[in-house]
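Commentary on secondary and tertiary structure
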Amino acid sequence: MRGKSKKKASLSQADFKEALIKKALGYDATEVVEEYVSSEEGEVKLTKKKVTKKNVPPDITAIKILLEDNQTSIEDMSDEELEREKTRLLKLLGESIEAKEK
């Protein structure tokens, strides 16, 4: 367990934000399950390998955290700033959809 806690401690604020953005947008994950059997000679052999691709949908809680973390409150934004933010979010959403279609 100590190795894992050290790894977590070495993550930067940017790493956490990147992970939160990934969770907020959703992503595709590959899960590999392997089954091994030990022979009479003590040799370990792979008998089954199952690879599953999963789609993790966008997470509303992560979206809320990102919106709350935004440096400018929506109420305090001008019409121009709101329009820029809308364009930025639509572009980000479009890129996310394109990446999933590939």
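Above this text sits the structure in question.
This one's a predicted model, so the numbers in the text were calculated from it and none came from an experiment.

**Looking at the overall build of the protein**
Across its full length, the protein carries 4 helices and 2 strands. The burial tally for the protein puts 7% of its 102 residues in the buried class. Pairs at least 24 residues apart make up 50% of the contacts formed inside the protein by residues separated by at least 6 positions. Element-wise, carbon and sulfur atoms account for 54% of the exposed surface of the protein, whose accessible area totals about 9200 Å².

**Quick look at a nonpolar patch on the surface**
The grouping of Y36, V44 and L46 at the surface amounts to a nonpolar patch, some 300 Å² of accessible area in total. Within the fold, V44 resides in strand 2 (residues 44-56).

**Some thoughts on the packing of aromatic side chains**
Under the counting rule described, the total for this entry stands at 0 aromatic pairs. If you follow K22 out to its NZ or CZ, it ends over the ring of Y27, 4.5 Å from the centre.

Calculation rules
Residues numbered from 1 in each chain as written. Predicted model: local features only at pLDDT ≥ 70, side-chain atom pairs only at ≥ 80, totals over all residues. Heavy atoms only, no water. Helix = DSSP H or I, 4+ residues; strand = E, 2+ residues; numbered from the N terminus. Buried < 20%, exposed > 50% of the residue type's maximum accessible area, 1.4 Å probe, protein only. Contact = heavy atoms within 4.5 Å. Areas by Shrake-Rupley, 256 points an atom, 1.4 Å probe, with all protein chains shown as cover. Patch = residues over 30% accessible without salt bridge, like charges linked within 9 Å, V, L, I, M, F, W, Y side chains within 5 Å. Salt bridge = Lys/Arg side-chain N within 4 Å of Asp/Glu carboxyl O. Phe/Tyr/Trp six-rings, centres within 6.5 Å; stacked < 30°, edge-to-face > 60°. Lys NZ or Arg CZ within 6 Å of the ring centre and 35° of its normal.

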